[in-house]
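Close look at the chain arrangement
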Amino acid sequence: MISVRHPLTLAAAVLAVAAIVGGCGPSGVSDNGSSGVSSPGGTVSVVTSFYPVQYAVQQVGGSHVSVTSLTKAGAEPHDVELSAQDVAGLTRASLVVYAKGFQPAVDTAVDQEARGRALDVAPVANLDLAAPAEPGVTAADGAKDPHFWLDPQRYSGVVSAIADRLAATDHDHAADYRANATALTTKLTQLDADLQTGTTACRIMDLVTSHAAFGYLASRYGFTQVPIAGLSPDVEPSAAKLAEVADFVKAHRITTIYAETLVEPAFAETVARNTGAKVATLDPIEGLTSASAGADYLEVMRSNLAVLKAGQGCS
């Protein structure tokens, strides 16, 4: 594996892969499923950065697109590293869809290998929540919380932007892309309405979460997020931070601490053990695993609603 945080390795890596694998094999698929080659059926080849973007492209593109992801199924996406084959695949994709600012390795690779063929969905997601301060982590000036997809309305804007870009890339199927986008945004609008209704009357309005992934969800539905870790779950909280969160839980009589599917629950369990709270899984849907409470984004979000209603005491 190589990390494209070291950009001088990119050109050599791409050339090496081209020489060794001759285009990633007959199907153009790399070891982790990434592809930059149009399928034999003439579909548009789209490389995506991680699951929420992948899901949106699949739903909008339907049978007209061949979609792969740079993040392996079940992998935590924040600090993903790309193989030489992943980077080579970017050079051959018809379109690369990603969210700039979420995955540094992807940002670097796209900037060097796919400029002009990439759609950055971050601007249309209206990222207006500042990245929370994290001890020992230096954030870029003006850094924003990237977890837009947990607000269905922000996600809808991204879906529409993807439809527009696919329509511009593949004129023959433009009407299909826009119809598919309308179908998905209709479902997202209903999901948003159900979340609004389901969380209108909750006894507890503070969400104690494993990491700071739920800022947009909290803002949309009137909660206050209290994260144990920051934007990246890979940065471990200090003992002082754990004690601070535990004190908050006790003072505000919080009954549920939320763990995740892609991150070890140790810190959530520590806070729960020290406060008498229970642990439940609130999924940030950064990727799907066999432990996910649903087969796709919409199903997992509805499971999240049920978890919130129980954990927050919503009537």
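For clarity, every value in this text was computed on a predicted model and none was experimentally measured.

1. Quick notes on the sheet that holds strand S6 (residues 224-227)
Overall, parallel pairing links the 4 strands, which are arranged S6-S5-S7-S8 in an open sheet. Each of the sheet's edge strands pairs with one partner strand only, and the pair in question is S6 and strand S8 (278-281). With direction set aside, neighbouring strand axes in the sheet form an average angle of 35°. Across 4 bridges, strand S7 (residues 256-259) lies against S8 in parallel orientation. Note on S8: the bridge partner recorded for alanine 259 is threonine 281. The strands that helix H9 (residues 266-275) touches are S7 and S8; relative to S7, the one it contacts most, it runs at about 170°. Against the sheet, helix H10 (residues 297-311) engages strand S5 (206-209), S7 and S8, with an angle of about 155° to S7.

2. Here we look at the state of the cysteines
Under the criterion given, the structure shown has 1 disulfide. Each disulfide pairs two cysteine sulfurs, and for cysteine 202 the partner residue is cysteine 314, the sulfurs being separated by 1.9 Å. Its torsion about the S-S bond being 95°, the disulfide of cysteine 202 and cysteine 314 is classed as right-handed. Highlighted residues: cysteine 202 in the loop between helix H6 (174-198) and S5 and cysteine 314 in the segment after H10, separated in sequence by 112 residues. Taking the relative accessible area as the measure of exposure, cysteine 202 reaches 13% and is therefore buried. Assessed through its relative accessible area of 13%, cysteine 314 is described here as buried.

3. Description of the pattern of salt bridges
By the definition in use, this model includes 8 salt bridges. One salt bridge in this structure joins aspartate 128 and arginine 154, with 3.1 Å as the shortest N-O distance. Note that aspartate 128 is positioned in the loop between strand S4 (118-120) and helix H5 (152-169) and arginine 154 in helix H5, a separation of 26 residues in sequence. Judged by its relative accessible area of 14%, arginine 154 is buried. Across the pair arginine 220 and aspartate 192 runs a salt bridge whose closest N-O atoms are separated by 2.8 Å. Within this pair, whereas arginine 220 is found in helix H7 (residues 215-221), its partner aspartate 192 is found in helix H6, the two being separated by 28 residues in sequence. A single salt-bridge network, built from bridges that share partners, covers Asp128, Asp151, Arg154, Asp192 and Arg220.

4. Remarks on the environment of aspartate 128
Residue aspartate 128 is classed as partly exposed on the basis of its relative accessible area of 43%. Separated by 17 residues in the primary sequence, aspartate 128 and aspartate 145 have C-alpha atoms spaced 7.6 Å apart. Here aspartate 128 is in contact with Lys144, Arg154 and Tyr216, once residues within four sequence places are set aside. Within the structure, the side chain of aspartate 128 is placed 3.1 Å from the side chain of arginine 154, a separation counted as a polar contact.

5. A look at the packing of helix H2 (residues 51-61) against H5
One can describe the packing of H2 onto H5 by two numbers: an axis separation of 10 Å at closest approach and a directional angle of 55°. Considered as vectors, H2 and H5 are oriented oblique to each other. Along this stretch, H2 crosses H5, giving a crossing that reads as right-handed. On the side of H2, the interface is formed by Pro52, Tyr55, Ala56, Val57, Val60 and Gly61, while H5 contributes Tyr155, Val159, Ile162, Ala163 and Leu166. Across the contact of H2 with H5, the residue classes tally to 10 nonpolar, 1 polar and no charged.

6. With respect to the sheet that holds strand S3 (residues 95-98)
Strand order in the open sheet formed by 4 strands is S2-S1-S3-S4, with parallel pairing between adjacent strands. Edge positions in the sheet fall to strand S2 (65-69) and S4, since each of these pairs with one other strand and no more. The mean inter-strand angle of the sheet, taken between neighbouring strand axes irrespective of direction, is 20°. In this sheet, S4 lies alongside S3 in parallel orientation, the contact comprising 3 bridges.

7. Overview of the side chain of aspartate 107
Along the chain, aspartate 107 turns up in helix H4 (residues 104-113). Buried charge aspartate 107 goes without a salt bridge, the closest partner of opposite sign being lysine 100 at 6.5 Å. Setting aside its immediate chain neighbours within four residues, aspartate 107 contacts Tyr98, Ala99, Lys100, Gly101 and Phe102.

8. Some remarks on the nonpolar core
Generally speaking, soluble globular proteins have nonpolar side chains that are buried together. Ranked by size, the top nonpolar core spans 58 residues in total, and within it Val97, Phe148, Trp149, Tyr155, Ile162, Ile285 and Tyr297 carry the most contacts. If near-sequence neighbours (up to four positions away) are discounted, tyrosine 155 is found in contact with Pro52, Tyr55, Ala56, Phe148, Trp149, Leu188 and Tyr297.

9. Examining the confidence of the model for the protein
Overall, the predicted model of the protein reaches an average pLDDT of 87, with 84% of residues at or above 70. Low pLDDT, under 50, characterises residues 1-38; the stretch is placed with 76 contacts to residues that sit more than four places away or in other chains.

10. A look at the packing of helix H3 (residues 84-92) against H4
One way to put it is that H3 packs onto H4 with a least axis distance of 9 Å and a crossing angle of 45°. If you check the angle between H3 and H4, you find them oblique. For the crossing formed where H3 meets H4, the hand is right-handed. On H4, the residues that touch Val87, Leu90 and Thr91 of H3 are Ala109, Val110 and Glu113. Class assignment for the residues of the contact of H3 with H4 results in 4 nonpolar, 1 polar and 1 charged.

Rules used in this analysis
- Residues numbered from 1 in each chain as written.
- Predicted model: local features only at pLDDT ≥ 70, side-chain atom pairs only at ≥ 80, totals over all residues.
- Heavy atoms only, no water.
- Pairing = 2+ DSSP bridges.
- Helix = DSSP H or I, 4+ residues; strand = E, 2+ residues; numbered from the N terminus.
- Axes fitted to C-alpha atoms, helices over the stretch in contact; angles between N-to-C directions.
- Contact = heavy atoms within 4.5 Å.
- Disulfide = S-S within 2.5 Å.
- Buried < 20%, exposed > 50% of the residue type's maximum accessible area, 1.4 Å probe, protein only.
- Salt bridge = Lys/Arg side-chain N within 4 Å of Asp/Glu carboxyl O.
- Polar contact = N/O pair within 3.5 Å; in protein donor to acceptor, adjacent residues only side chain to side chain.
- Parallel < 35°, antiparallel > 145°, perpendicular 65-115°, else oblique.
- Left-handed = near helix turned anticlockwise from the far one by under 90°.
- Nonpolar A, V, L, I, M, F, W, Y, C, P; charged D, E, K, R; others polar.
- Lys, Arg positive; Asp, Glu negative; His and termini not counted.
- Core = buried A, V, L, I, M, F, W, Y, C linked by side-chain atoms within 4.5 Å.
- pLDDT = per-residue confidence, 0-100.

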